[in-house]
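Close look at the chain arrangement
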Amino acid sequence: MSRKLDQHYMKQALNLARKAEGRTSPNPVVGSIVVKSREIISEGYHKRVGLPHAEILALRKAGIKARGADLYVNLEPCCHQGKTPPCTEAIVNAGIKRVVIGVRDPNRLVSGKGVSYLRKNGVEVVTGVLKRDCEKINEPFLKYIVTGRPWVILKSALSLDGKIATRTGDSKWITGPKARDYVHRLRNRVDAVLVGAGTVRADDPRLTARLKSVSTRSPTRIIVGGHNGISMSARVFDNASREKVIYATLDGLSPNRKNKLQKMGVEVLLMKQKQGQVHLPQLMNMLGAMDITSIMVEGGSMISGNLIKERLVDKVIYFIAPKIIGGKDAPSPVGGHGFGQLSDTLRIKDMTVAKLGDDLVVEGNI
């Protein structure tokens, strides 16, 4: 088939993969279709860890029609036995003649071995079709597999003059309902939401995903605390016995407070400190070890500044409202000392700007 047709079918595989965003972690999101004589015979997407992979579902639906057909998949098929059997064997056994892959899997158990197995067994393989799109949809997975750390999104809502609250701390609401609804959709897609203890004390947020969709799920809630604690009645601790809540604090937490939190269902992580604050690189390593592959940071300015300083942020999403707050004492999204030279600042790549109601949403990778 032509490159243009390959891109056409790969787009459809990506659309299938998106159906499971926020549901497959720590696995990637993968969609697959079987095409024969330019007709889609079957399709499938990976729905959840432990369930069949996208290729297996598509091949099962295709049955004997898969013989001599093309298979499209946005990520290199696995060639090892994990929680499910290897997809490469199923592809060969089904008689697929050609496999089109978006991006190779960096997992050392796969990483080119899936492509090699297919070619050794007489299957034509084409790679790199819509590569950037296929990488983008699985950015958290790709980083997690390579580094063991989660993909970190820094999200903030701010005024046109760069303030996240007034000088008195009033911040509800800077942005409008459409922007806030988008935040809930983002929460529905990430593994975890993270805030500093100061944000909990100031705003008492729930940090849950509240959408009308019946498939809504709330992310793990992570609170990073320093020397100053937060109230045990804070709403972020609600339902901790049913929805995971992690409290990461310094290794000096009183045994009594720790026991109370644990009885509420909160998982307590005692961290080493760096300049009186939780050591954030250590925290990211621990969260990655817990199979948390994506985190959205929702404040405040101090935790955001520390994450930027440690260069732990991968993506920014800023919601900008058409409002002027003003005042030198009104906080900005990123606290701390900041950079002393423009040449040292973080640059945003692949930036996009869209309108949500009266607000703008600016997104880009670092």
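Located above this text is the structure these notes cover.
Here is what the cut-offs are and how they apply
- Residues numbered from 1 in each chain as written.
- Predicted model: local features only at pLDDT ≥ 70, side-chain atom pairs only at ≥ 80, totals over all residues.
- Heavy atoms only, no water.
- Phe/Tyr/Trp six-rings, centres within 6.5 Å; stacked < 30°, edge-to-face > 60°.
- Helix = DSSP H or I, 4+ residues; strand = E, 2+ residues; numbered from the N terminus.
- Buried < 20%, exposed > 50% of the residue type's maximum accessible area, 1.4 Å probe, protein only.
- Core = buried A, V, L, I, M, F, W, Y, C linked by side-chain atoms within 4.5 Å.
- Contact = heavy atoms within 4.5 Å.
- Arc of directions from axis to C-beta.
- Pairing = 2+ DSSP bridges.
- Axes fitted to C-alpha atoms, helices over the stretch in contact; angles between N-to-C directions.
- Parallel < 35°, antiparallel > 145°, perpendicular 65-115°, else oblique.
- Left-handed = near helix turned anticlockwise from the far one by under 90°.
- Disulfide = S-S within 2.5 Å.
- Nonpolar A, V, L, I, M, F, W, Y, C, P; charged D, E, K, R; others polar.
- 1 Å grid on protein atoms, 1.4 Å probe; cavity = no way out; pocket = protein on both sides within 12 Å on 5 of 7 lines; lining within 4 Å.
- Points joined across faces, edges and corners; volume = space filled by probe spheres on them.

Moving on to the packing of aromatic side chains. Evaluation of the coordinates by the stated rule reveals three aromatic pairs. With 5.8 Å between their ring centres and 70° between their planes, Tyr182 and Phe319 make a pair best called edge-to-face. Of this pair, Tyr182 sits in helix α7 (residues 177-189) while Phe319 is found in strand β14 (residues 315-321), placing the two residues 137 residues apart along the sequence. Since its relative accessible area comes to 13%, Tyr182 is described here as buried.

Soluble globular proteins tend to bury their nonpolar side chains together. With 40 residues, the main nonpolar core has Met10, Val34, Leu59, Leu71, Ile96 and Val99 as its most contacted residues. Among the elements that make up this core, the one with the highest residue count is helix α1 (residues 3-18) (seven residues). The contacts of Leu71, once residues within four sequence positions are left out, are Ser32, Ile33, Val34, Glu55, Leu59, Ile91, Ile96, Arg98, Val99 and Val100. Counting 29 residues, the second-largest nonpolar core is a separate cluster that includes Trp151, Val195, Val245 and Leu356.

Regarding helix α3 (residues 87-94), the residues found buried are Cys87, Thr88, Ile91 and Ala94. For α3, the buried positions fall inside an angular range of 130° around the axis, keeping them on one side. Summarising the contacts, the buried residues of α3 are in contact with α2 (54-62), β3 (70-75), β4 (98-103) and α4 (113-120). Following α3 by one or two positions, Gly95 adopts a phi angle in the positive range, close to 85°.

What follows covers the pairing of β14. With five of its seven residues buried, β14 lies for the most part within the structure. By the bridge criterion, seven bridges tie strand β6 (residues 151-159) to β14 in an arrangement that is parallel. Along β14, the bridge assignment pairs Ser156 with Tyr318. Sheet topology places β14 next to strand β16 (residues 359-365); six bridges connect them, and they run antiparallel. Across the sheet, the residue bridging to Val316 is Gly364, located in β16.

Let us look at the environment of Leu160. Take Leu160: it is sitting in the loop between β6 and α7. Using a relative accessible area of 57% as the deciding quantity, one classes Leu160 as exposed. Distance in space between the C-alpha atoms of Leu160 and Gly196 is 24 Å, their sequence separation being 36 residues. When residues no more than four places from it in sequence are discounted, the contact partners of Leu160 are Ile320, Ala321, Lys323 and Ile324.

Let us now look at the packing of α2 against α3. The interhelical angle for the contact between α2 and α3, taken along N-to-C directions, is 20°, at an axis separation of 9 Å. Taken together, the axes of α2 and α3 lie roughly parallel to each other. As for the relative orientation of α2 and α3, their crossing is left-handed in sense. Where α2 abuts α3, its residues Glu55, Ile56 and Leu59 lie against Cys87, Ala90, Ile91 and Ala94.

Bringing the sheet that holds strand β5 (residues 124-126) into the picture now. Sheet strands line up and pair through hydrogen bonds in the backbone, either parallel or antiparallel. Here we have five strands laid out as an open sheet, ordered β2-β1-β3-β4-β5, and mixed in their pairing. The open sheet has two free edges, formed respectively by β2 (39-45) and β5, since each of these has just one partner strand. Each neighbouring strand pair of the sheet contributes to a mean axis angle of 20°, computed without reference to strand direction. Here β4 runs beside β5; their pairing, made up of three bridges, is parallel. Each bridged residue has a counterpart across the sheet, and for Val100 the counterpart in β5 is Val126. The strands that α2 touches are β1 (31-36), β2 and β3; relative to β2, the one it contacts most, it runs at about 140°.

With the rule as written, the count across this model stands at zero disulfides. Counting only cysteine sulfurs, Cys78 is the nearest neighbor of Cys79, a cysteine outside any disulfide, at a range of 7.1 Å. Summary of cysteine pairing: Cys87 is not part of a disulfide, and the nearest cysteine sulfur, belonging to Cys78, is at 3.7 Å.

Our focus in this paragraph is the packing of α3 against α4. Axis separation between α3 and α4 bottoms out at 10 Å; the angle between their running directions is 20°. Relative to α4, the element α3 is oriented roughly parallel. The handedness of the crossing between α3 and α4 is right-handed. Of the residues in α4, those in contact with Thr88, Glu89, Ile91 and Val92 of α3 are Gly114, Tyr117 and Leu118. Of the residues belonging to the contact of α3 with α4, the class tally is four nonpolar, two polar and one charged.

A few words now on the layout of surface pockets. For the second largest pocket, the calculated volume is near 660 Å³. Together, 32 residues line the second largest pocket, and Glu21, Lys136, Ile137, Pro140 and Arg189 are the ones closest to its centre. Broken down by secondary-structure element, the contributors of at least two residues to the lining of the second largest pocket are α5 (131-137), α6 (139-147), β6, α7, β14, β15 (349-356) and β16.

Here the focus is the pairing of strand β8 (residues 220-224). With respect to burial, β8 is a largely interior element, five of its five residues being buried. Burial along β8 is two-sided: Thr220, Ile222 and Val224 facing one way and Arg221 and Ile223 facing the other are all buried. Sheet topology places β8 next to strand β9 (residues 245-250); four bridges connect them, and they run parallel. The residue bridging Ile223 from the neighbouring strand is Tyr247, located in β9.

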